[in-house]
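Here's the letter readout for the chains.
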Amino acid sequence: MSLRPTIVEQLARARADLRLGVPIVLSHMGRAAVAVAAETLDAGRLAQLRVMGEELVLAVTQWRAETLKARAYDGDLARIVVPPDVGLGWLRAVADPADDLKTPMKGPLITRRDGSADLHRAALTLVKSAHLLPAAVVLPVADGAALAGRDGLTLIALEAAEAELFRAAPLHPVVSARLPMQASAAGRVHIFRPDDGGEEHYAIEIGRPDRAQPVLVRLHSACFTGDVLGSLKCDCGPQLRAALAQMGTQGAGILLYLNQEGRGIGLANKMRAYSLQDQGFDTVEANHRLGFEDDERDFRIGAGILREMGVGRIRLMTNNPRKVRMMGQMGIEVVQRVPLKVGQTPENAAYLATKAEKSGHLL
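Every value quoted in this text rests on a predicted model; they were computed, and no experiment measured them.

With 5 of 5 residues buried, strand E1 (residues 24-28) lies mostly within the body of the structure. What you see with E1 is no split at all: Ile24, Leu26 and His28 on one side and Val25 and Ser27 on the other are buried throughout. In this sheet, strand E2 (residues 31-37) lies alongside E1 in antiparallel orientation, the contact comprising 5 bridges. The residue of E2 that forms the bridge with histidine 28 is arginine 31. Linkage of E1 to E2, two consecutive antiparallel strands, is achieved through a turn of 2 residues, within which methionine 29 is found at a positive phi near 55°. Here 3 bridges tie E1 to strand E6 (residues 155-157), and the two strands are oriented parallel to one another. Counterpart to valine 25 in the pairing with E6 is leucine 155.

Given below as structure tokens:
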């Protein structure tokens, strides 16, 4: 028996380090590199990286590269060469689209096309899962293990980590307690915690749903602006309240409240997307300019919670066909899709139109 952290725990530590601006070391097949999030990198560490080598690159996703007119030779990402005479301002300007319209010319940008991009891909995956801007500064090093040991940096060997990077972390029930609510006096809240150190997720159980029958279920992704502040830019708050009210009226149901803010990109990046929307971009375009996919959420989380609660057949309250498909792929049978068309306002008309046109929502 050892007290050493498992690979899952090492990955959680790496994400925390990246959020703090602390570099991590990645290794694979005899190669190694130092990686740090562009968003949290400071001038002192940038200077130290320059002393260590001259092959400094900024890894960005294909979507961000497309906006920057940089060639993504690696398909899903681009390795942009960092010029020797630029500082943090240049790195941030390339990584963050906030001022793209003011200063559209960032280049000419030179991108690498030789060698493997597996370490850069892993760095981007970790930075994204840490809810930072998807851009990582990466520098190859000769001996990753020695560097990590000398400077106390987290070392991630991709041979051990690759499968864990993309799996759905198992969720475990922590506690449940009775909670009378406006929607129903017979309410109960269940807390589920993933084993990878990620955000907890919640199941709000109304009444006593009969597991032998299809259960009325809503998968609701956290929306601080809509659920709490009553934002008029989206329909999330009205959907949350309408779903709970319908479950209360029918006497039973389960609402899964999944902490996947901003379609899985986190609240800070969601606010960045809102700022881009104020510049004239729609929801999908804003996500792409930031370097994210249209939707970064992982609905396997919802399927895992339902299985933990003994639910296998559901009536799913959603306008999103992707949720129906994902539940089916995860072994949860959707016997009926229950539409949830509420919360339309003049302020969110364009947002809803984009959801219908580009994300396939049935509105």
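Back to the write-up after that little detour.
Read from one edge of the open sheet, 7 strands run E7-E8-E9-E11-E10-E12-E13, paired in mixed fashion. At either end of the open sheet lies a strand with only one pairing partner, and these are strand E7 (171-178) and strand E13 (333-338). For this sheet the average axis-to-axis angle between neighbouring strands, irrespective of direction, equals 25°. Pairing between strand E10 (residues 215-221) and strand E12 (residues 313-317): 3 bridges, direction parallel. Bridge pairing in E12 places valine 215 opposite isoleucine 314. Those strands touched by helix H9 (residues 236-250) are strand E9 (201-206), E10, strand E11 (253-258), E12 and E13, and its axis lies near 165° from that of E10.

As annotated in UniProt, the feature "binding site: Zn(2+)" (unreviewed entry) corresponds to Cys223, Cys234 and Cys236 in the numbering used here. Checking the annotated residues one by one, the ones that line the largest cavity turn out to be Cys223, Cys234 and Cys236. Relative to the helices and strands, cysteine 234 is located in the loop between helix H8 (224-228) and H9. Ignoring any residue separated from it by four or fewer positions in sequence, one finds cysteine 234 in contact with Cys223, Gly226, Gly343, Asn348 and Tyr351. Excluding its chain neighbours within four sequence positions, the residues that come into contact with cysteine 236 are His220, Cys223, Asp227 and Tyr351.

This next bit is on the pattern of salt bridges. Opposite charge on two side chains permits pairing when their charged atoms draw close. Scanning the entire structure with this criterion turns up 19 salt bridges. For aspartate 100, the salt bridge identified is with arginine 289, shortest N-O distance 3.3 Å. Here aspartate 100, found in the loop between helix H4 (88-95) and helix H5 (118-129), pairs with arginine 289, found in helix H12 (residues 283-290); they are 189 residues apart in sequence, far enough to count as distant. Arginine 289 shares its class with aspartate 100; the two are buried. Here the salt bridges share partners, and the residues they tie into one network are Glu39, Asp96 and Arg272.

Our focus in this paragraph is the nonpolar core. If you look at the biggest cluster of nonpolar residues, it comprises 31 residues, and the most contacted ones within it are Leu41, Leu49, Leu58, Ile80, Trp90, Leu91 and Val137. If you list the elements that add at least two residues to this core, you get E2, helix H2 (43-52), strand E3 (57-61), helix H3 (62-68), strand E4 (77-81), H4, strand E5 (135-141) and helix H6 (144-151). At 5 residues, the largest contribution of residues to this core is made by H4. Leave out the neighbours within four places in its chain, and isoleucine 80 touches Leu56, Val57, Leu58, Val60, Leu68, Ala70, Trp90, Val94, Leu109, Ile110 and Thr111.

When the UniProt feature table is mapped onto this chain numbering, "active site" (unreviewed entry) sits at Asp295 and Arg297. Checked against the lining of the largest cavity, the annotated residues just named reduce to Arg297. Here aspartate 295 lies in the loop between H12 and helix H13 (300-308). Taking the relative accessible area as the measure of exposure, aspartate 295 reaches 19% and is therefore buried. Those residues in contact with aspartate 295 that sit more than four places away from it in its chain are Arg263 and Arg322. Within the element layout of this structure, arginine 297 appears in the loop between H12 and H13. Setting aside residues up to four positions removed in sequence, arginine 297 forms contacts with Ser221, Gln260, Arg263, Gly264, Asn320, Arg322 and Lys323.

Before going further, it helps to spend a moment on the environment of alanine 98. Along the polypeptide, alanine 98 turns up in the loop between H4 and H5. Expressed as a C-alpha distance, the spacing of alanine 98 and leucine 290, which sit 192 residues apart in the sequence, is 8.7 Å. Residue contacts for alanine 98: discarding those within four places in its chain leaves Leu276 and Gln279.

Moving on: helix H7 (residues 158-166). Regarding H7, the residues found buried are Leu158, Ala161 and Leu165. End-on, the buried residues of H7 take up no more than an arc of 70°, which puts them together on one face. Close packing links the buried residues of H7 with helix H1 (7-20), E1, H5 and E6.

What counts and how
Residues numbered from 1 in each chain as written. Predicted model: local features only at pLDDT ≥ 70, side-chain atom pairs only at ≥ 80, totals over all residues. Heavy atoms only, no water. Buried < 20%, exposed > 50% of the residue type's maximum accessible area, 1.4 Å probe, protein only. Helix = DSSP H or I, 4+ residues; strand = E, 2+ residues; numbered from the N terminus. Pairing = 2+ DSSP bridges. Axes fitted to C-alpha atoms, helices over the stretch in contact; angles between N-to-C directions. Contact = heavy atoms within 4.5 Å. UniProt positions renumbered as here; feature names shortened; annotations may be inferred. 1 Å grid on protein atoms, 1.4 Å probe; cavity = no way out; pocket = protein on both sides within 12 Å on 5 of 7 lines; lining within 4 Å. Salt bridge = Lys/Arg side-chain N within 4 Å of Asp/Glu carboxyl O. Core = buried A, V, L, I, M, F, W, Y, C linked by side-chain atoms within 4.5 Å. Arc of directions from axis to C-beta.

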